[in-house]
Amino acid sequence: MEHSTYTIKKNRTENSDLSRVDWDNLPFGKVFSDHMLVIDYDNGEWGTPEIMPFKNLELHPATSAIHYGQSIFEGLKAYRTVDNEVAIFRPDMNAKRFAESCKRMCMPEFPPELFEQCVREIVDFDREWIPKKEGYSLYIRPFMFATDDYIGIKPSDAYKFMIFTCPVGAYYAEPLNVKIEEHYTRAAAGGVGRAKTAGNYAASLYPAKLGKDEGYHQLVWTDAKTHEYIEESGTMNIMFVIDGKLITPAEDADTILPGITKRSVIELAKDWGMEVEERQVSVSEVIKAIDEGKLTEAFGAGTAATIAQIKMIGYKGKHYELPSIPEREFSNKVYRHLDDIKEGRTEDKFGWVVKL
Ligand code: PLP
Ligand code: COI
């Protein structure tokens, strides 16, 4: 383990829930490990990080995050390798994105090196909670929210940073039917779509529910102005293979979450000599490519979602069935390869994995 720069207070529970876990039935995000990490921010500085038994929080009814939404989070995973080591996937990327979310939401920047250390230490403290089964992992949820008890509108002076973890299996149990959204908007230029902030998810719930009522697992968001360009999905970035090229919406617009899984897929594709295009992707281009048989693969990329195959796209009331999933050479290969890196079956030549 790397040298610790910050002192972390640690208090182990005397009532572990570990023996009560049903490891063969792990619904995503409903099973919580024994401990959580908490740091309070007040008077312009971060307090001492503390790992303590998992418990409910007590909050003032005027806690400003509840009213005005200064609330951000991250999601990353730890894996048990074939050599029974613990591997965390690219925590430096989450630390950096978290700091960017802080800035956009007018919250004090959380030091990336402290973020990484806290992630390592909470995972190490609850390492028995990392599932031993292939395809399973420990989902790590760092988050931070405003804690002033004040109902005026202003950036809070006090904040709470926390991490808890959950042993999880797959987020999506089956290939996805997605609907290209033509009316509702997740994020507009100049808004907060690039930040991993709570309100982005709240805003997506109602349109996603309407999509679910029509039989879609997820929506594919389009740009707020014209709804002609594809952005991302509710829990993952969107990628296509068209004419043998990997194509995905560029994230230079401030409306798309800069995904770490997507970045990793792009880096692998380039390493394998595949042509990659990060640019505007129009809905009409995708529909035309499906019609002409040039779109061979469509999938989502995300930490919880992993590589989630898309089997059908709905657009303007029409259902476009996509090519057979077992025949999708690139996405099946990249899915296996990412798992092999995380679980230590193949060389981590990019240095993505942090081992404990
Ligand atoms: N887009 C959204 C809206 C997400 O919630 C996520 C999940 O974190 C992603 C994309 C994928 O990002 P990452 O691969 O970093 O998990
Ligand atoms: C993640 O992949 O970390 C996400 O934010 C998605 C969430 C639905 C669990």
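Residues numbered from 1 in each chain as written. Chains lettered and ligands numbered in written order. Predicted model: local features only at pLDDT ≥ 70, side-chain atom pairs only at ≥ 80, totals over all residues. Heavy atoms only, no water.

On to the overall build of the protein, then. Of regular secondary structure, the protein possesses 7 helices and 19 strands. The C-alpha atoms of the protein give a radius of gyration of 21 Å, which matches the 21 Å a tight globule of 356 residues would have. Dimensions along the principal axes, computed over C-alpha positions, put the protein at roughly 60 × 55 × 35 Å. The buried share among the 356 residues of the protein stands at 53%. Residue pairs at least 24 apart in sequence account for 71% of intrachain contacts in the protein once pairs closer than 6 positions are excluded. Here the protein displays about 16600 Å² of accessible surface, and carbon together with sulfur accounts for 49% of that area. (Helix = DSSP H or I, 4+ residues; strand = E, 2+ residues; numbered from the N terminus. Rg over C-alpha atoms; globule rule 2.2 N^0.38 Å. Buried < 20%, exposed > 50% of the residue type's maximum accessible area, 1.4 Å probe, protein only. Contact = heavy atoms within 4.5 Å. Areas by Shrake-Rupley, 256 points an atom, 1.4 Å probe, with all protein chains shown as cover.)

It is worth spelling out the site of ligand 2 at this point. Near ligand 2, the surroundings consist of Phe28, Phe73, Gly75, Tyr139, Arg141, Tyr171, Lys196, Thr235, Thr303 and Ala304. Contact between ligand 2 and Tyr139: an oxygen atom at 2.5 Å from a side-chain N or O atom of the residue. Between Ala304 and ligand 2, the recorded distance is 2.8 Å, taken from a backbone N or O atom to an oxygen atom. Relative to its free-state accessible area of 280 Å², ligand 2 is covered by the protein chains to the extent of 89%. Of the residues in the shell around ligand 2, the class split is 5 nonpolar, 3 polar and 2 charged. Two domains share the shell around ligand 2, each providing at least three of its residues, namely domain 1 (9-169) and domain 2 (176-342). (Near = heavy atom within 4 Å. Polar contact = N/O pair within 3.5 Å; in protein donor to acceptor, adjacent residues only side chain to side chain. Nonpolar A, V, L, I, M, F, W, Y, C, P; charged D, E, K, R; others polar. Domains from an automatic or database assignment.)

Quick look at the state of the cysteines now. Here is the idea: a disulfide is a covalent bond, and it sits between the sulfur atoms of two cysteines. Following the criterion strictly, the structure yields 0 disulfides and no others. The structure places no disulfide on Cys102, whose sulfur is separated from the nearest cysteine sulfur, that of Cys106, by 11 Å. On the accessibility criterion, Cys102 (0% relative accessible area) is buried. Lacking any disulfide linkage, Cys166 is separated from the closest cysteine sulfur, that of Cys118, by 17 Å. (Disulfide = S-S within 2.5 Å.)

A few words on the pairing of strand β13 (residues 237-242). The side chains of a regular strand alternate, first on one face of the sheet and then on the other. Here β13 lies mainly inside the structure; 6 of its 6 residues are buried. The alternating pattern of β13 places Asn237, Met239 and Val241 on one face and Ile238, Phe240 and Ile242 on the opposite face, and all of these are buried. Here β13 pairs with strand β16 (residues 295-302) via 6 bridges, running antiparallel. Of the residues in β16, the one forming a bridge with Asn237 is Ala301. Both β13 and strand β14 (residues 245-249) contribute to a ladder of 3 bridges, which runs antiparallel. Across the sheet, Val241 pairs through a bridge with Leu246, a residue of β14. Two successive antiparallel strands, β13 and β14, enclose a turn made up of 2 residues, where Asp243 displays a positive phi of approximately 55°. (Pairing = 2+ DSSP bridges.)

Take the domain arrangement of the protein next. Parsing the protein into structural domains produces domain 1 (9-169) and domain 2 (176-342). Measuring from the centre of the C-alpha atoms in domain 1 to the corresponding centre in domain 2 gives 27 Å. The interface is formed by 22 residues belonging to domain 1 together with 21 residues belonging to domain 2. Summing both partners gives a buried area of about 1800 Å² for domain 1 against domain 2, and 61% of it is carried by carbon and sulfur. (Buried area = accessible area lost by both parts, 1.4 Å probe.)

Bringing the pattern of salt bridges into the picture now. Within the structure shown, the criterion is met by 27 salt bridges. The partner of Arg97 in a salt bridge is Glu74, and the shortest N-O contact between them spans 2.7 Å. Here Arg97, found in helix α2 (residues 91-104), pairs with Glu74, found in the loop between β5 (71-73) and β6 (76-80); they are 23 residues apart in sequence, far enough to count as distant. The same class applies to Arg97 as to Glu74, namely buried. As a salt-bridge pair, Lys294 and Glu292 come within 3.4 Å of each other at their nearest N and O atoms. Put simply, Glu134, Asp340, Glu343 and Arg345 are held in one network by salt bridges that share partners. (Salt bridge = Lys/Arg side-chain N within 4 Å of Asp/Glu carboxyl O.)

Lining the immediate environment of ligand 1, one finds 17 residues, of which Lys196, Tyr201, Glu232, Thr261 and Thr303 sit closest. Ile260 is positioned such that a nitrogen or oxygen atom in its backbone is 2.8 Å from an oxygen atom of ligand 1. In the model, an oxygen atom of ligand 1 is placed 2.6 Å from a nitrogen or oxygen of the Thr261 side chain. Protein contact buries 96% of the 390 Å² of open area that ligand 1 shows by itself. Its residues assigned to classes, the shell around ligand 1 shows 5 nonpolar, 8 polar and 4 charged.

Moving on to the packing of α2 against helix α3 (residues 112-125). Across the interface, α2 lies against α3 with an axial gap of 9 Å and an inter-helix angle of 130°. Classed by the angle they form, the pair α2 and α3 counts as oblique. Crossing angle aside, the handedness with which α2 passes α3 is right-handed. Along its contact with α2, which presents Pro91, Asp92, Asn94, Ala95, Phe98 and Ala99, the element α3 presents Pro112, Phe115 and Glu116. Residue composition of the contact of α2 with α3, grouped by class: 6 nonpolar, 1 polar and 2 charged. (Axes fitted to C-alpha atoms, helices over the stretch in contact; angles between N-to-C directions. Parallel < 35°, antiparallel > 145°, perpendicular 65-115°, else oblique. Left-handed = near helix turned anticlockwise from the far one by under 90°.)

Bringing the nonpolar core into the picture now. Formed by 51 residues in total, the largest nonpolar core has its most connected members in Leu37, Phe110, Val123, Met144 and Phe161. When sequence neighbours within four positions are dropped, the list of residues in contact with Leu37 reads Ile8, Glu50, Ile51, Cys118, Ile122, Phe161, Met162 and Ile163. Judged by nonpolar contacts, the second largest core, of 26 residues, contains Ile180, Ile242, Ala305 and Tyr315. (Core = buried A, V, L, I, M, F, W, Y, C linked by side-chain atoms within 4.5 Å.)

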